[in-house]
Structure formats: structure tokens, C-alpha cells
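# Observations on the three-dimensional arrangement
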Amino acid sequence: MKSLLIALIVTVVSCANVPAQKRISMQNKAELLVSEAQGGTDQPGFTVIKNKKDFRNIIKGALGMIELEKEPAINYPKFPGNKKVVVYNLGRFTSGSHRITQIKNVSVKNNVLYVEVPAGEPSGGMEIQVMSNPWIIFAVPANYQFTSVELKYSK
């Protein structure tokens, strides 16, 4: 009877710790906030957004909304104040869809932030040649220190 009681207590205590561990691990992952197929720069590069005002202005500017007073209803993502928010321009592409829809993993090594994203699926056949300048806004843990960003494509 005594061993059954000890086993029950161990089970309850171990189950009580699981949600806290999941919450901590979720805070250490990247969060994709905005992803667009157009509006980025010709060259790959990144900028760290410091505040909510800059965050909204970057989204407005990239979507081509210059008149701030006549802003249409845009569903802005919430600015995560406890994370580092990064705008990354993928550069210029001549065909295909290069919009990022998911971030699988992030890591920092030698001051480089590696962002793992799914590899694009080839569409097959002839494609219309369209210039695109995709960009993304994502959040990483605030303690990440980096001087450059590099995308890693994986399956």
C-alpha cells in the first residue's frame, strides 16, 4: 500500500512539471509573424525592430499604404515585447513562389542566426517569369545575439 501511494505521488508530481517545461520550450522557438511575397528589397538582409510603432510602419510601408490617416482594416499581429523581432528580406527572385510559411527551427552559431524553413516544392512545367521580393517578420528569443541571418532550407 505504501509503495502504491509513493508511485501515485511521483506520477502526480511528474505530470505537474510537464506544462511548465512546454511553456519554456515554446518561448525559445521562433514565431513567424508576417510573410509576404512582395515588398522586400532586391538584396537579402535583415533589420531588428525595436518597438511597436516601427513594427506597424514596416508592415504599412511594405503593403503599399502610404496614407496613414486612410488606413484600411489590417489585422496586425501582436508585437511580442519579450522577444527580438526581425525583418528579413529574401532578395529578388525571377520565378516561383518563395514566400515563407513556417519556421522549423532557429539557432545561433558564431554570431549567425540560422533560420530553418521548409524547402520550396517545385511546381513543374513552365512557369511565368515574375519578379518577386519576398520578406518575413519573425520573433526569436530576446537573448539571441547575432550579426547576420541565414536561411537554411530543409525538407
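Each remark here, short or long, concerns the structure printed above.
In this text the structure is predicted, and so the values were computed from the model without any measurement.

Criteria and cut-off values
Within any chain, residue numbers begin from 1 and follow the written order of that chain's sequence. Thresholds applied to this predicted model are a pLDDT of at least 70 for local features of residues and 80 or more for the giving and counting of side-chain atom pairs; totals over whole chains, interfaces and linings are not thresholded and use all residues. Calculation of side-chain values draws on the structure's entire complement of heavy atoms; hydrogens and water are dropped beforehand. Only DSSP runs of H or I with at least four residues qualify as helices, and only runs of E with at least two residues qualify as strands; both kinds are numbered from the N terminus onward. Between buried and exposed lies partly exposed: a residue is buried under 20% and exposed over 50% of the maximum accessible area for its type, with that area taken using a 1.4 Å probe on protein chains only. Any two residues whose heavy atoms approach within 4.5 Å at even a single point are treated as in contact. Accessible areas in this description were obtained via Shrake-Rupley with a 1.4 Å probe; residue shielding takes into account the shown protein chains only. A strand pair is defined by DSSP finding two or more bridges across the two strands. Interaxial angles span 0 to 180 degrees and are taken between N-to-C directions of axes, which are lines fitted to C-alpha atoms, for helices over the stretch in contact. Note on aromatic pairs: the rings of Phe, Tyr and Trp (six-membered ring only in Trp) are paired at centre separations within 6.5 Å, and the planes decide the class, stacked below 30 degrees, edge-to-face beyond 60, tilted for the rest. In these notes, a set of buried Ala, Val, Leu, Ile, Met, Phe, Trp, Tyr and Cys residues joined through side-chain atoms within 4.5 Å is what counts as a nonpolar core.

### Some remarks on the overall build of the protein chain
For the protein chain, the helix and strand inventory stands at two helices and seven strands. When the helices and strands of the protein chain are read in sequence order from the N terminus, they spell out α-β-β-α-β-β-β-β-β. Out of the 155 residues in the protein chain, the part that is buried amounts to 28%. A fraction of 85% describes how many contacts in the protein chain between residues 6 or more apart in sequence connect residues 24 or more apart. Carbon and sulfur atoms make up 56% of the accessible area of the protein chain, which totals about 10,600 Å².

### Quick look at the sheet that holds strand β4 (residues 105-109)
Here we have three strands laid out as an open sheet, ordered β4-β5-β7, and mixed in their pairing. If you trace the sheet from one side to the other, it starts and ends with β4 and β7 (148-154), each paired once. Each neighbouring strand pair of the sheet contributes to a mean axis angle of 25°, computed without reference to strand direction. Alignment of strand β5 (residues 112-118) against β7, held across seven bridges, turns out to be parallel. Across the sheet, Glu116 pairs through a bridge with Lys152, a residue of β7.

### So, the packing of aromatic side chains
This structure, assessed with the given rule, holds two aromatic pairs. Between the aromatic rings of Phe46 and Phe146, the centroid separation amounts to 5.7 Å while the plane-to-plane angle is 50°, which identifies the pairing as tilted. With Phe46 in strand β2 (residues 45-49) and Phe146 in the loop between β6 (135-141) and β7, this pair connects stretches of sequence that are 100 residues apart. Assessed through its relative accessible area of 28%, Phe46 is described here as partly exposed. Classification of Phe146 as buried rests on a relative accessible area of 12%.

### Some thoughts on the nonpolar core
Grouped together as the largest cluster of nonpolar side chains are 17 residues, with contacts concentrated most on Val106, Leu113, Val115, Phe138, Val140 and Val149. Elements supplying a minimum of two residues to this core: β3 (83-89), β5, β6 and β7. Here Val140 is in contact with Ala30, Lys83, Lys84, Val106, Leu113 and Phe146, once residues within four sequence places are set aside. The next biggest cluster of nonpolar side chains, apart from the first, holds 12 residues, and it includes Val34, Ile59, Val87 and Trp135.

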